[in-house]
Amino acid sequence: MTEHRAARRAAEEKGAPSAAARPQEPGASSDAPAAAPRPAQIPDPRSALRRPRHAAEGAAPGATGAGHPVPATSGTGHGEHTEHGRHSARREHETRGQATETPGALPLNSPRGESRPRGADGGRGDGPQPMGENPVGRPRPRPGSSGTGVPSIPGARPAADAPVPVPHPAGEPPSEPAARPRPDSETRLESESAESLRLRYVGAATRRIARGIDLDEIVLGLCRSVVPTFTDAILVYLRDPLPVGDERPVEPLVLRLRRTDRTPEDPTETPVPDAPGAGARLPLVPAPEVSGAAETTRVRMDGPLAEVLRGVRPLFAESPQAAAALAELVNTDVPGGRRAILAPLRGRRRVIGAAVLLRRPDRPPFEGDDLLVAAQLATHTALGVDKAALYGREADIADQLQRAMLPDSLPQPTGVQLSSRYLPAAETARVGGDWYDALPLPGSRVALIVGDVMGHSMQSAAIMGQLRTTVQTLAGLDLPPQEVLYHLDEQAQRLGHDRMATCVYAVYDPIAHRLLVANAGHPPPVMLHSDGRTEVLRVPEGAPIGVGGVPFEAVELPAPAGATLLLYTDGLVESRTRDVWSGIERLRERLAAVGSIVCPPPLEPLCDEVLDILGPGDRDDDIALLAARFDGIAPSDVAYWFLEPHPQTARRARRLVRRALHRWGLDELADSVELLVSEVVTNAVRYAGRPITLRLLRTDVLRCEVGDDAPQLPRMRHVAPQEETGRGLFLVHRMAQRWGATRLSAGKVVWFELPLPQALPHPLPSGR
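Residues numbered from 1 in each chain as written. Predicted model: local features only at pLDDT ≥ 70, side-chain atom pairs only at ≥ 80, totals over all residues. Heavy atoms only, no water.

**Here we look at the side chain of Glu705**
So, point 1. Position of Glu705 relative to the elements: it lies in strand β21 (residues 701-708).
So, point 2. Within the local environment of Glu705, its side chain forms a polar contact with the side chain of Arg703, the two groups lying 2.7 Å apart.
So, point 3. The contact partners of Glu705, leaving out residues within four places of it in the chain, are Gly443, Ser444, Thr693, Leu694, Arg695, Leu697, Val749, Val750 and Trp751. (Helix = DSSP H or I, 4+ residues; strand = E, 2+ residues; numbered from the N terminus. Polar contact = N/O pair within 3.5 Å; in protein donor to acceptor, adjacent residues only side chain to side chain. Contact = heavy atoms within 4.5 Å.)

Structure (structure tokens):
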């Protein structure tokens, strides 16, 4: 080795001969540059252990193949070296040669069989490097990497022992590299690299599958993970119906094709951006295994498919049983042998489906280790499907609970029109504590309620149901709004210390055209007047429900005919991008814009316009919206009297009712109304201690109300033939269209309604 270095140094000092004077090697063309003569070498016992890099292709130093010499670098230009540069390059060459003297060792920074360019002196040259070589100092991609950041696996890239193409001079045909034996260390390194790539791929694919929440996202994650990196086509079958949790599966077993995916047939088709390996599409051929697959398959319990599904493990379609099972599942011609894998999908308790992985003929078949990959993907997919099914059932239960606690339909009381909306927060939080309600009250009044329980859970929905029931009970007692909120606060404290909620309670009187409002920490109502003006009502905010020991205050406001009142929860006006008051101002501006076009606007389109203020990222909370249009009752359609509780009061009541009906042109109803009023007034006089009230309302029906200070509500009872009393309510029940009795804070009201016989004439002024 020492003599070899000395001869090389002596040749460099004398100067290399020109390219024209160098002798041509056999087989070289006359116009090709000649190769430099090689100095005589002394055999070295370690030469068999030191394999120079240029010998990996079976060529002499300075040549790329038999008969293809490498052009010598010129004395000028990029290939020129100073004496100091030549000694530095030679020291680098010697250092690299010592690093490769270990038997069977391979360079760790370059793939096997890769040659590096060298200058005429045997060191690394500074001139242009051959195509495909990595520039000095630039990191090389790891073996098995596609260069796109997505790990690939054996079978998705060229074979490991494929020869590396070697550049050749222009005009020269390429030469075949000489084969060499592969040491055991290279085979071991290649096997370890393949295993590492396989583990990286499985990790990336399982993370992609686990990101899904619902069923479609999980199945889509499986398809995007395997096509085209691992397979060319996939078919995913799931049970129909899909059992959830401990539910007993429905017999017989039916598998339905849930999703398919494959490499596109058109080479110009744009690949899916988020699909692993989207930048490494394989040659495209038609895929009838996807387009012609069966939509549903009924599994025979004694058939080959049922046997494979019970076995759980993925199988190649090379055995007769697996091939028969695959044919039974897809019911079409598919690749066989090791170009198809049938992987059962087993959840926590049972098999819930199957996946079919297919490779086309222009791609290497599956290997034995690919069954392990398929088993891992199938396991993660099946567990994800189980998780999605459980989550879907819980979300449906929560949504049904939420809907059941909201009113199915709103009442249509006299003098007011109502409309409502409810929107859940999102698909991932479809249950909340928002609610709304509208309750008819005595005297043709109506209570309007909107509340919001803090939190988004089943517990919040349950608390909302309890508070809504409490409000309905308190409203039936005809308590003032502040008293309703006070008792509601006490009920919330009895339910628990952390039961917090906000609520606004308003009572509208269509006869007095007044609105009585009390607020418990809720956003204030907004009113749109008939002339297009908008107003945020000044209502004392109050403390939230559940704080305890805090009084509530009610305010009385005018409610003119034609005005529209909006009650809402904070989800409509508050989000992560804006505060409550900014949202309220935006809501007021939207109402003003709608009122400038048509006023008063129809309620249903108005609710839709209000919800349009929500942006794409504003659905942080569920939303409850209640809109009320105040029509009111004209004073000319109301007749009202105070009557002393005397025995002659019933006769006077009959006379007053007949006069009022005559003014309204309802003489046809006079006899019936007189009889019913006489029975109800007689019952009130019997138990009342203070003056009783008698009121007639003419709207779409004729309504009569009789009030007294006795708290006992009348009830129908069975009367014996010999009894002279007790038949008054029986007559009311048989003759009236509707009737009822409502307890007040100081007494009760008994009312009944009769249909109008014809269209009402122009009303005349009413009197007492």
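**Considering the packing of aromatic side chains**
So, point 1. What the rule picks out here adds up to four aromatic pairs.
So, point 2. Measuring from centroid to centroid gives 5.9 Å for Tyr201 and Phe230, while their planes differ by 25°, and the two rings are stacked. Here Phe230 lies in the loop between α4 (215-226) and β3 (233-239) and Tyr201 lies in helix α3 (residues 184-210), a separation of 29 residues in the sequence.
So, point 3. Here the aromatic rings of Phe230 and Phe366 are separated by 5.4 Å at their centres, their planes lie at 50°, and the arrangement is tilted. One end of the pair, Phe230, is in the loop between α4 and β3; the other, Phe366, is in the loop between β8 (351-358) and α8 (370-404), with 136 residues separating them in the sequence.
So, point 4. With a relative accessible area of 0%, Phe230 lands in the buried category.
So, point 5. A network of ring pairs unites the aromatic residues Tyr201, Phe230 and Phe366 as a single cluster.
So, point 6. Sitting above the plane of the Phe230 ring, Arg359 keeps its charged end 5.6 Å from the centroid. (Phe/Tyr/Trp six-rings, centres within 6.5 Å; stacked < 30°, edge-to-face > 60°. Buried < 20%, exposed > 50% of the residue type's maximum accessible area, 1.4 Å probe, protein only. Lys NZ or Arg CZ within 6 Å of the ring centre and 35° of its normal.)

**Observations concerning the pattern of salt bridges**
So, point 1. This model, assessed by the stated rule, comprises 26 salt bridges.
So, point 2. The residue Asp478 makes a salt bridge to Arg445 at a minimum N-O spacing of 2.5 Å. In this pair, Asp478 is assigned in the loop between α9 (458-476) and α10 (481-495) and Arg445 in strand β11 (residues 445-453), connecting sequence segments 33 residues apart.
So, point 3. Ionic contacts of the salt-bridge type, sharing partners, join the residues Arg695, Arg703, Glu705, Arg738 and Glu753 into one network. (Salt bridge = Lys/Arg side-chain N within 4 Å of Asp/Glu carboxyl O.)

**What about the side chain of Asp489?**
So, point 1. The topology assignment puts Asp489 in helix α10.
So, point 2. The buried charged residue Asp489 lacks any salt bridge, with Arg494 as its nearest oppositely charged partner at 9.2 Å.
So, point 3. With residues up to four places along the chain from it excluded, the contact list for Asp489 reads Pro544, Ile545, Gly546, Val547, Gly548, Gly549 and Phe552. (Lys, Arg positive; Asp, Glu negative; His and termini not counted.)

**Observations regarding the packing of α9 against α10**
So, point 1. Interhelical geometry of α9 versus α10 gives an angle of 145° and a closest axis separation of 10 Å. Of the two possible hands of crossing, α9 and α10 adopt the one that is right-handed. Along its contact with α9, which presents Gln466, Leu467, Thr470, Val471 and Leu474, the element α10 presents Val484, His487, Leu488, Gln491, Ala492 and Leu495.
So, point 2. Broken down by class, the residue content of the contact of α9 with α10 amounts to seven nonpolar, four polar and no charged. (Axes fitted to C-alpha atoms, helices over the stretch in contact; angles between N-to-C directions. Left-handed = near helix turned anticlockwise from the far one by under 90°. Nonpolar A, V, L, I, M, F, W, Y, C, P; charged D, E, K, R; others polar.)

**Some remarks on the sheet that holds strand β13 (residues 514-520)**
So, point 1. Strand order in the open sheet formed by five strands is β10-β11-β12-β13-β16, with antiparallel pairing between adjacent strands. Looking along the sheet, the strands with just one partner apiece sit at the ends: β10 (433-441) and β16 (554-558). Strand-to-strand twist in this sheet, taken as the mean axis angle between neighbours without regard to direction, amounts to 15°.
So, point 2. In terms of strand pairing, β11 meets strand β12 (residues 501-509) through eight bridges, oriented antiparallel. For Ile449, the partnering residue across the bridge sits in β12 and is Tyr505. (Pairing = 2+ DSSP bridges.)

**Section: the pairing of strand β23 (residues 747-755)**
So, point 1. Of all nine residues in β23, eight are buried; the element is thus mostly enclosed.
So, point 2. The sheet contact formed by β21 and β23 spans eight bridges and is antiparallel. Bridge assignment links Leu702 to a residue of β23, and that residue is Leu754.
So, point 3. Relative to β23, strand β22 (residues 738-744) runs antiparallel, the two sharing seven bridges. If you follow Arg738 over to β23, its bridge partner there is Glu753.
So, point 4. The antiparallel pairing of β22 with β23 creates a hairpin that spans two residues between the two strands.

**Digging into the nonpolar core**
So, point 1. With 54 residues, the main nonpolar core has Trp435, Leu448, Tyr505, Leu515, Ile545 and Phe630 as its most contacted residues.
So, point 2. When residues in this core are grouped by element, the largest group, seven residues, is from β12.
So, point 3. The contact partners of Leu515, leaving out residues within four places of it in the chain, are Ala506, Val507, Tyr508, Met527, Leu537, Val555, Glu556, Leu557, Ala559, Leu565 and Phe630.
So, point 4. Val657, Ala660, Leu666 and Val732 belong to the second-largest nonpolar core, a separate cluster that totals 32 residues. (Core = buried A, V, L, I, M, F, W, Y, C linked by side-chain atoms within 4.5 Å.)

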